[in-house]
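Notes for the structure review
So the chains spell out like this:
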Amino acid sequence: MTATSPSQSANDSPIKVTILPHTHWDREWYAPFQDFRHRLVRLLDEFLPRLEADPSYEHFLLDGQTAVIDDYLEVRPEASEILTRLGKSGRLGIGPWAILMDEYMVSGETIIRNLQMGIARAEDFGGAMKVGYLPDMFGHVAQMPQILRLAGLDQAVVWRGVPSAIQKTAFWWEALDGSRVRAEFLVGSYSNGRDLPSNPATLVQRAHNYANELGDARYPGGGILFMNGTDHQVPQPWLGAVVAAANAEQSEYRFEVNSLAAYLAEQTSENLPTWRGEMRSGARANVLMGVASNRVDIHQACAAAERIIERRAEPLQAIHLPVAKYATAEMDIAWRLLILNSAHDSSCACSADDVVDAVMVRYREALHIGEGLSREALDSLANRVSAPSGAVIVANATATRRDGVVICLVSGDTPMHLRSIESSQSCPTQQLHVLGGEVFSTTVTSEQIPNSLEMVRGPEFAGTLIESFEIEVLADDSVDVRAFAASAMGKGLDLEDLRDQVFALSRTYKTFHLRVLRAPAQVVAFNAVDIPGFGWRTFEAVEGSGPSTVLGGSDISIHNEHISLLIDPSDATYTITTVGAAGEESIVIAGLGRIVEGGDGGDTYNYSPPGIDQVIDSPIAVRVSVVETGPVFARCIIEADYLWPTHAIGDERSCSKRSTSLAQHTVITTLELRVGERFLRVTHDIENRARDHRVRAHFPLPKQVSGSSADCAFAVVERGLETEGGPHEYALPTWVSRRFVDCSDGAQGLGLVHDGLLEYEVVNEGTELALTLLRSVGYLSRSEMKLRPNPAGPLLPVEGAQVQKRVQMRYCVVPHSGDWVNAEMNSIADRFLIPLETTSATGSASADREAIGSALQVRGAVVSTLRREAGALILRAFNPLKTQALLEVSVRERPASGEVIDLVGEALAPFTGTLALRPNEIVTVRLAD
């Protein structure tokens, strides 16, 4: 049998070469957004009329993201007509994404909203491209095929992350629930057809060379895809002419300019290999895993902003506000901010300092919107609950019935505790500090009264909320003005009448004593017990200390009913001993929380040690103090002093060694145990003055493990101890988790739940878990690093990536028996990261809710979102288990009804309150009110 040449198919018909003109448009990266938009406007101003006038230029892909269109139309609104004509004619590829995000740096919900926003916006221009276009994401999450299928897309296009086990240009990519898409692998990247020549003979040779490069990877009879574009590239005007000339001059190749969908429609789906789950291989293209640990402040801000919108503002508004008052417009603004920030160069913080500053502003704006909308929902709940004015209402924005520590203000200075109103169940309560007496005092003359009353603003006087006041003319003809601060959970009083009376008296009397007084009150923490999922419970303060619990401590130890903690003052580590439940063995783990600091000669894309590194894992001094014990929580503080090199020696090419100059850094670690919790809360505070370094916390594991389980988009993914690298990127097995990671041998394990600390690594042959706290680097990209020999971007200094400021990191340590990560860790993550909310009952006569209740009961799955859309209640949930689960949804304990829908809102099946879910299945339900 004779083999055919790469330029020949088995039946000697010409090989079709589809040329797809496109531009990969990073909205912001090494230059700020406005700089890149200026270039975009000039490019499209020149190109769109030429595209419409040249029929040989059959198609152009606008990078699969509608943000490009919105950014252009904000400057050129009149261009909407030509964009619509080109889109509806099929000559302009639009969407399906709003923006090309990074799949690991943002939540699964952000990925879905991004896709929904892109598809909806593309409808205005004739519809979205029916391809899951994923050209430059730094790896791909395991559930992406399921997400695409739920949006009606059965094709994907990928580049980075494809493992070496895939030896073909196409394969079936299967999600963890078994759903799959056909994936086209862009061998040579999304720029494999950039800078095509204007000479037809040279174009033919280019195709021949690429066919040789593909070799057996191309399927017999299959075509060749030339991605004719790259980052911010101007389209090539001669494309149509050179294609026509090349076709006229030879018969081995048949060139055409066409769309991605048209090319894929002609390619085979027979006998394709299958890859299941995530793709994080660096075998063919760098996955740039270090973006998960650069600029920790950005990753923390992302986590906080997504969390308050997804898990607090949306569900609280959905269940506590009348349908007509749901803040759709403000939610849309917040989501647009989050989605714009999800762009891979933005959420990955591998950008110029100006860009990262802008990213931070957008995250803070989204956070502020979420805070305001949450408060609005809680204010509504305060009016709806039938309870005495001032009673403490505790609201739960998660689906799981739970306890949690709440801090509130109660009247009096004698021992008080909280108890539930509906059953008089007393809660453990711990006094934090006592307030009372004179808050503010000054004496002024009548001439100073106008200026002094500037301190009166609405219900506040001298910055204090006021609920009543008294004015008295004293025997010496001076005037005593006494304003009384609002009592615990009380409401303010409009002080316009106070202003009027004082102004009137200033015409007669000369001396005024202005005082703000507070009645005795105390700030307390109490364990609010048994708060229903998506519900609330109401409590009142009563005299007495309340039930006592077993939290306590000594000079170097604290404990609750489940965990004993002993600090080692020699090295600032600690030992956890668990109290085994019935039939369970206690777990003892020593040496936890060891701080390990080493040099980082890498950049914002990749960690890489200096040529000669120096690792420091022992403090020079340690101070331990137990600062709080009581029935609700116990807390201790470890202050550990380290001598760290001030910087490393290197330039934009590489880093040779660490400096011999040292600076003392104090790592302040707060350890906290709360009543009822089976985990340890940890907070680190570091005033970072060292440069070019990495700081990690290390945790010995109770048993040696062969891998890890980590929270990712709509799944818990399992990973081994190694990863796959390539010739241009070392196989560094640092992985990403969204909220938690767990290492278990099936009998005992240790988990970490974190707040925006995305990077971890299982080290020392599976005996220790390392969590990256901080990575400081000075370049956007370097060119000749130890673990990545080529640049990943411009060699641009970025001072902000050195993170020279105070940083705080939060996580919790979860020792456990059994292999229960999928079933339990999501609930623990909710408890740690999503606080119980509080508000004060108003005593409204129109209240329509009992003192305890739940607006919606969801069991059997993890809730991703609960919100309103066009008035309807939308619930999205997923099964994190490897086995089938039963989703149950009820309203007031009666089965809910509605319909199962896809991600574009089309009905798939009726919903009658229960639904069997495949392992790892995602489902969206539109509920009937």
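Residues numbered from 1 in each chain as written. Predicted model: local features only at pLDDT ≥ 70, side-chain atom pairs only at ≥ 80, totals over all residues. Heavy atoms only, no water.

Quick look at the confidence of the model for the protein chain
Detail in the predicted coordinates should be disregarded across regions flagged by low pLDDT. Here is the rule we go by: As a per-residue quantity, pLDDT reports the predictor's confidence and falls between 0 and 100. Pairs of residues are marked as contacts when any of their non-hydrogen atoms sit within 4.5 Å.
The predicted model of the protein chain averages 95 in pLDDT, with 98% of residues at 70 or higher. In this model residues 1-10 is a low-confidence stretch, pLDDT under 50, and it forms 14 contacts with partners more than four residues away in sequence or in other chains.

Structural notes on the state of the cysteines
Disulfide: a covalent bond connecting the sulfur atoms of a pair of cysteines. To be explicit about the condition: Disulfide assignment relies on a single distance test, namely cysteine sulfur atoms paired within 2.5 Å. Relative accessibility under 20% of the residue-type maximum defines a buried residue, over 50% an exposed one, and the middle range a partly exposed one, all with a 1.4 Å probe and only protein chains included.
Enumeration according to the criterion identifies zero disulfides in this entry. Residue cysteine 350 stays outside any disulfide, its sulfur separated by 4.9 Å from that of cysteine 348, the closest cysteine. Residue cysteine 350 is classed as buried on the basis of its relative accessible area of 0%.

A short note on the pairing of strand E11 (residues 392-395)
Defined as follows: Helix and strand assignments come from DSSP, with helices taken as H or I runs of at least 4 residues and strands as E runs of at least 2, each series counted from the N terminus. Any two strands with at least two DSSP bridges between them are considered paired.
A two-sided burial pattern is seen for E11, the buried positions comprising Val392 and Val394 on one face and Ile393 and Ala395 on the other. Of the strand pairs in this sheet, E11 and strand E42 (residues 837-840) are connected by four bridges, and their pairing is antiparallel. Bridging from a neighbouring strand, alanine 395 pairs with glutamate 837 of E42.

Considerations on the packing of helix H9 (residues 296-320) against helix H12 (residues 353-384)
The following threshold applies: Between the N-to-C directions of two axes lies an angle of 0 to 180 degrees, each axis being a line fitted to C-alpha atoms and, for a helix, fitted only over the stretch in contact. Note on angle classes: values under 35 degrees are labelled roughly parallel, values over 145 roughly antiparallel, values of 65 to 115 roughly perpendicular, and the remainder oblique. Crossing handedness: left-handed means the near helix sits turned counterclockwise from the far one by under a right angle, and right-handed means the same turn made clockwise.
H12 packs onto H9 with a crossing angle of 25° between their chain directions and a minimal axis gap of 8 Å. As far as their axial angle goes, H12 and H9 are roughly parallel. The two elements H9 and H12 meet at a crossing, and its hand is left-handed.

A look at the pattern of salt bridges
For clarity, the threshold we go by: We count a salt bridge whenever a side-chain nitrogen from Lys or Arg sits within 4 Å of a carboxyl oxygen from Asp or Glu.
Scanning all chains against the criterion turns up 58 salt bridges. The shortest N-O distance in the salt bridge between arginine 113 and glutamate 109 comes to 2.7 Å. Linking arginine 113 with glutamate 109, this pair stays in helix H4 (residues 108-122), spanning four residues, or about one helical turn. Among the ionic pairs, aspartate 480 bridges to arginine 515, the shortest N-O distance being 2.8 Å. In this pair, aspartate 480 is assigned in strand E18 (residues 479-485) and arginine 515 in strand E19 (residues 511-531), connecting sequence segments 35 residues apart. What makes aspartate 480 buried here is its relative accessible area of 6%.

Some remarks on the pairing of strand E39 (residues 759-763)
Most of E39 sits inside the fold, with five of its five residues counted as buried. Of the two faces of E39, both are covered, the one formed by Glu759, Glu761 and Val763 as well as the one formed by Tyr760 and Val762. Inspection of the sheet shows strand E36 (residues 735-736) paired to E39 by two bridges, in the antiparallel sense. Residue pairing across strands places tryptophan 735 opposite tyrosine 760, the latter belonging to E39. Turn length for the E39-strand E40 (residues 768-776) hairpin, with the two strands adjacent in sequence and antiparallel, is four residues, and the turn residue asparagine 764 shows positive phi of about 55°.

Description of the environment of histidine 684
Let me state the cut-off plainly: Each polar contact in these results corresponds to two N or O atoms within 3.5 Å; when the atoms are within protein, one needs to be able to donate a hydrogen and the other to accept it, and residues that are neighboring in sequence are counted only if both atoms are side-chain atoms.
One can find histidine 684 in strand E32 (residues 680-687). The sequence separation of histidine 684 and glutamine 205 amounts to 479 residues, and the corresponding C-alpha distance is 59 Å. Sequence-distant contacts of histidine 684, defined by excluding residues within four places in its chain, comprise Ile595, Val667, Ile668, Thr669, Ala697, Leu773, Val807, Gln808, Met809 and Tyr811. Side chain to side chain, histidine 684 and tyrosine 811 meet in a polar contact 2.7 Å long.

Regarding a nonpolar patch on the surface
What counts here: The patches described consist of residues with a relative accessible area above 30% and no salt bridge, like charges being joined within 9 Å and nonpolar side chains (Val, Leu, Ile, Met, Phe, Trp, Tyr) within 5 Å. Here the open area of atoms and residues is found with the Shrake-Rupley method and a 1.4 Å probe, where only the protein chains shown may cover a residue.
Judged by side-chain polarity, Ile620, Leu643 and Leu662 come together as a nonpolar surface patch covering roughly 250 Å² of accessible area. Among the structural elements, isoleucine 620 can be located in the loop between strand E26 (594-599) and strand E27 (621-628).

Focus on the packing of aromatic side chains
Spelled out, the test is: Here a Phe, Tyr or Trp ring, Trp counted by its six-membered ring, pairs with any other such ring whose centre lies within 6.5 Å, and the pair is stacked when the planes are under 30 degrees apart, edge-to-face when over 60, and tilted otherwise.
One pass over the full model with this rule turns up 13 aromatic pairs. Seen from their ring centres, phenylalanine 138 and tyrosine 605 are 6.5 Å apart, and the 65° between their planes marks the pair as edge-to-face. With phenylalanine 138 in the loop between strand E4 (132-134) and helix H5 (144-150) and tyrosine 605 in the loop between E26 and E27, this pair connects stretches of sequence that are 467 residues apart. The exposure class of phenylalanine 138 is buried, given its relative accessible area of 3%. A relative accessible area of 1% places tyrosine 605 in the buried class. Between phenylalanine 440 and phenylalanine 461, the aromatic rings sit 6.4 Å apart at their centres with planes inclined by 50°, giving tilted as the arrangement. Of the two residues, phenylalanine 440 sits in strand E14 (residues 429-445) while phenylalanine 461 sits in strand E16 (residues 460-461), which places them 21 residues apart along the sequence.

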